[in-house]
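The primary structure of each chain is shown beneath.
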Amino acid sequence: MDNMIKAIFYASPTNMTMAQALQWDYNPSLISIPVFFVSSMGNGDENLVVSGTQLQEIFDAVPDTVTKVMARRTDAEHGDMLSVADGYMTAWRECHFHLLFLYLSL
């Protein structure tokens, strides 16, 4: 089962303090596959869900041996992240799908 997931796209992850308070604890240091974090710079993310500083903390907790990318979207709100970040998510998925396909084809 561990080999089924090849990459993660994480849109506006809940900050670690809020996640713990909601009993949604997660540990980014356990991530071992490529991960792309994205959040908005709007009030919903910046003042509640995941600020830039909090996103950086999550990003930094992922081991440096893992391919990791972080981006913040301007002119968007937390609720927009699935639609406005769709192009990034699609590109991330396609990149890893094609790398996997290329590997399997060799």
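Just above, that's the structure.
(A) Structural detail: the sheet that holds strand 2 (residues 35–40). Taken in spatial order, the 3 strands make up an open sheet running 1-2-3, and their pairing is parallel. The sheet terminates laterally at strand 1 (8–11) and strand 3 (68–73), the two strands that pair on one side only. Direction aside, the axes of adjacent strands within the sheet are offset by 15° on average. Across 4 bridges, strand 1 lies against strand 2 in parallel orientation. Its bridge partner being in strand 2, Phe-9 is matched across the sheet by Phe-36. Packed onto the sheet, helix 3 (residues 52–61) meets strand 2 and strand 3 and runs at close to 170° relative to strand 3.

The rules behind the values
Residues numbered from 1 in each chain as written. Predicted model: local features only at pLDDT ≥ 70, side-chain atom pairs only at ≥ 80, totals over all residues. Heavy atoms only, no water. Pairing = 2+ DSSP bridges. Helix = DSSP H or I, 4+ residues; strand = E, 2+ residues; numbered from the N terminus. Axes fitted to C-alpha atoms, helices over the stretch in contact; angles between N-to-C directions. Contact = heavy atoms within 4.5 Å.

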